[in-house]
Structure formats: structure tokens, C-alpha cells
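Inside the fold
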Amino acid sequence: MMSATWETVWMTLVSMIVIVILGIILGLILYETRNKPGIGYKVLNWIVGLFVNIFRSIPFIILIILLLPITMKLAGTIIGPRAALPSLIISAAPFYARMVESYFREVDAGVLEAAESMGATTWGVITKVLIPESKPALIAGATVTTISLIGYTAMAGAIGAGGLGNLAYQDGFQASNNTVTLVATVIICLFVFIVQFVGDIFVKITDKRTL
């Protein structure tokens, strides 16, 4: 149980670090290219939008199967926690990217225009205004994504990726041991409660409206 718990925590943490970075980059590209003139911006927006929409719409259990050849090349195996990372990242990053794009759109246009009128570069506006103003929403979105990811790790575990999902399926369901299944479920629920609690705290800390 302890080993399975650690595998679930490891898969979630490693995946979320990559998902947050990749999601912010993709969301920023979608936001910055949506109304820019020029065929290059439109093509880039279409390509990124297509990638996000496709992988966001594929059910996770099917995505795992589709990515087995890529997983084998990247991880060298299709079994174990490491093998679950590509599927977890590719399934959740597009979901978070769309959330990031929507959060950036909610930033007051007047604040952005004020920064630009003061001579801020595009990169300066992004790093000094856009991301800081969206920080509470970005954290809230990351919290929701992490909770979804915990559920994904359980599904991945059912096909040999390790973690609590694998334990609940093999040692619980297949062995007709309801106690193992119940304990694994309780631990997963505790993870969700902890993630939500910590996420809410960081949202309150970074939200200027609560100060």
C-alpha cells in the first residue's frame, strides 16, 4: 500500500510540473495569436488549437493505448509509473491550456494597454502583467487539473501503470479483496481533499481581492 501510494504521488507530481509548464506555453500561444494579423499567426493558432482540441477530446483510456508505441520509445517500457507519464501529460496539458487561455482573456484590457503605453515590451507585458494578474486563476485551474490527474493515474494503474489504481484492481478487485479496494479509494479521496485544500490556500494568498 505504501509503495502504491508513493507511485501515485510521484506520477501526479511529475506530470503536473510538466503539465503546468506546457499548459501555460500552449495557452499563451493561443492567447497571443488569436487576433494577430498575418498568416503565420493564424496558422500557428490553428495548429496549436487543433492539437489541443484533438487530445482534449480523446478519452484517457483510449489515449493510453494509442500512445503505447511512443511510450515504449520514450520510457523503454509500457508498464509501471514511468510509462504512464506520456499519457498523463498529453491528456491533461491541452485541458489546462484551454483554461489558461480563458484566464488570460479575463485580464482587464485596460491594465494591458496601460503597460504597453508605458513602453513595456510584449515579453514584459506577459511576465509583469498578464501572468501575475492571472495567477489566482492559474493556481485554481492547476488544482482542478491535478484532481483530474489523480483520477487518470487510477485508470492508468488498471492497465499496469502502478499506483493505487493498479493495487485496487489487481489486489482488490481481481483477488476479491474489498478491503484493499476500499483503503485505496480512501487514500485517493484524501489526496483530492489535500490538493483542493492547498490549492484554495494559495489562491487566497495570491488573490489581491482577498487582501
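Residues numbered from 1 in each chain as written. Predicted model: local features only at pLDDT ≥ 70, side-chain atom pairs only at ≥ 80, totals over all residues. Heavy atoms only, no water.

Right, let's get into the pattern of salt bridges. When charged atoms on two side chains of opposite charge get close, those side chains can pair. In this structure the tally under the stated criterion is 3 salt bridges. A salt bridge links E32 to K36; its shortest N-O distance comes to 3.7 Å. Judged by its relative accessible area of 29%, K36 falls in the partly exposed class. R98 is the salt-bridge partner of E101, the closest N and O atoms lying 2.8 Å from each other. Taken as a pair, E101 and R98 lie in helix α5 (residues 81–105) at a separation of 3 residues, close to a single helical turn. Several salt bridges share partner residues, and in doing so they unite R98, E101 and R105 into one network. (Salt bridge = Lys/Arg side-chain N within 4 Å of Asp/Glu carboxyl O. Buried < 20%, exposed > 50% of the residue type's maximum accessible area, 1.4 Å probe, protein only. Helix = DSSP H or I, 4+ residues; strand = E, 2+ residues; numbered from the N terminus.)

Here we take up helix α2 (residues 39–57). In an α-helix there are 3.6 residues to a turn, and that puts residues three or four apart on one side. Taking 1.5 Å as the rise per residue, α2 with 19 residues should run 27 Å; its terminal C-alpha atoms sit 27 Å apart, in good agreement. Among all positions of α2, only V48, G49 and V52 are buried. Projected down its long axis, α2 shows its buried positions confined to an angular sector of 100°, all on one face. Facing away from the buried side of α2, by more than 90 degrees, are the exposed residues I39, K42, W46 and S57. In this fold, the buried residues of α2 make contact with α1 (2–33) and α5. (Expected span 1.5 Å × (residues − 1). Arc of directions from axis to C-beta. Contact = heavy atoms within 4.5 Å.)

Read these as geometric descriptors, not functional statements.
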